[in-house]
Amino acid sequence: MLSICHDAMTPVSSRSSSRAAENAYALREIRRRQIEQSRNSNAWKPSILGGYIIIVASVLFFVVGIYATLLSAFWNNTGIWILDVLARDTHYKYLALLLIPTGAYFVIANWVGWQYYRNS
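Residues numbered from 1 in each chain as written. Predicted model: local features only at pLDDT ≥ 70, side-chain atom pairs only at ≥ 80, totals over all residues. Heavy atoms only, no water.

The next subject is the overall build of the protein. Counting secondary structure elements, the protein contains 5 helices and 0 strands. From first element to last, N terminus to C terminus, the protein shows the α and β order α-α-α-α-α. Counting the 120 residues in the protein, one finds 8% classified as buried. (Helix = DSSP H or I, 4+ residues; strand = E, 2+ residues; numbered from the N terminus. Buried < 20%, exposed > 50% of the residue type's maximum accessible area, 1.4 Å probe, protein only.)

Attention now moves to the nonpolar core. Side chains of a nonpolar character, in soluble globular proteins, are inclined to be buried together. Y67, A68, L83, L86 and A87 form the largest nonpolar core, which has 5 residues in total. Of all the secondary-structure elements, those providing two or more residues to this core are α3 (48-69) and α4 (81-88). When residues no more than four places from it in sequence are discounted, the contact partners of Y67 are S72, W75, N76, T78, L83 and A87. (Core = buried A, V, L, I, M, F, W, Y, C linked by side-chain atoms within 4.5 Å. Contact = heavy atoms within 4.5 Å.)

Further remarks concern the packing of aromatic side chains. Tallying each qualifying case throughout the model produces 2 aromatic pairs. Aromatic side chains Y105 and F106 sit 5.3 Å apart centroid to centroid with 70 degrees between the ring planes, which places their arrangement in the edge-to-face category. For Y105, a relative accessible area of 54% gives the class exposed. (Phe/Tyr/Trp six-rings, centres within 6.5 Å; stacked < 30°, edge-to-face > 60°.)

Taken N-terminus to C-terminus, the directions of α3 and helix α5 (residues 93-118) make an angle of 135 degrees; their axes are 9 Å apart at the nearest point. The pairing of α3 with α5 is recorded here as oblique in orientation. Helix-helix and strand crossings are classified by hand; for α3 and α5 the assignment is left-handed. The residues of α5 that touch α3, namely those facing F61, G65, A68 and T69, are K93, Y94, A96, L97 and I100. (Axes fitted to C-alpha atoms, helices over the stretch in contact; angles between N-to-C directions. Parallel < 35°, antiparallel > 145°, perpendicular 65-115°, else oblique. Left-handed = near helix turned anticlockwise from the far one by under 90°.)

With respect to the helices and strands, S72 occurs in the loop between α3 and α4. Within the local environment of S72, its side chain forms a polar contact with the backbone oxygen of A68, the two atoms lying 3.2 Å apart. Non-local contacts of S72, meaning those with residues more than four positions away in its chain, are made with Y67, A87 and K93. (Polar contact = N/O pair within 3.5 Å; in protein donor to acceptor, adjacent residues only side chain to side chain.)

On to the pattern of salt bridges, then. One pass over the full model with this rule turns up 2 salt bridges. A salt bridge links E29 to R33; the shortest N-O distance between them is 3.7 Å. A residue pair is termed a helical-turn pair when its members lie 3 or 4 positions apart in one helix, as E29 and R33 do in helix α2 (residues 12-40) at 4 residues. Among the residues examined, E29 registers a relative accessible area of 18% and is labelled buried. R33 gets classed as partly exposed once you look at its relative accessible area, which sits at 47%. Because the salt bridges share partners, they merge into one network encompassing E29, R32 and R33. (Salt bridge = Lys/Arg side-chain N within 4 Å of Asp/Glu carboxyl O.)

An α-helix turns once per 3.6 residues; consequently, residues spaced three or four apart project the same way. With 22 residues, α3 should cover 32 Å at 1.5 Å per step; its first-to-last C-alpha distance of 32 Å lies within 8% of that length. Buried within α3 are the following residues: G65, Y67 and A68. Viewed end-on, α3 has its buried residues packed into an arc of 160 degrees, placing them on one side of the element. Summarising the geometry of α3, the exposed residues directed more than 90 degrees from the buried face are I48, Y52, I55, V56 and F62. Packing partners of the buried residues in α3 comprise α4 and α5. (Expected span 1.5 Å × (residues − 1). Arc of directions from axis to C-beta.)

Structural data, given as structure tokens:
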């Protein structure tokens, strides 16, 4: 008895398109499983302690910056070593404070330039 393979009788273009559809379906299924696993996993989540640390660090930086730029001329000797060093310094006490907005400007400008490059 002679058997004929069904796949051999199908035109080549329909075989390749059906395989492409199967591959696309398999890739979508794999991606769906990855997303489902990532939702169910114990991925890193921000904690309340991290938020408090950021707030305290920001307030501390703000207070030290205000002292270094404005109040050190009036309160020279506080008894705190690092604040006294900032009060005696005449140039570099502004460096750390001014690096933040300058760095933020360059980061934003580079990001905008990168977006123009990618979308042109």
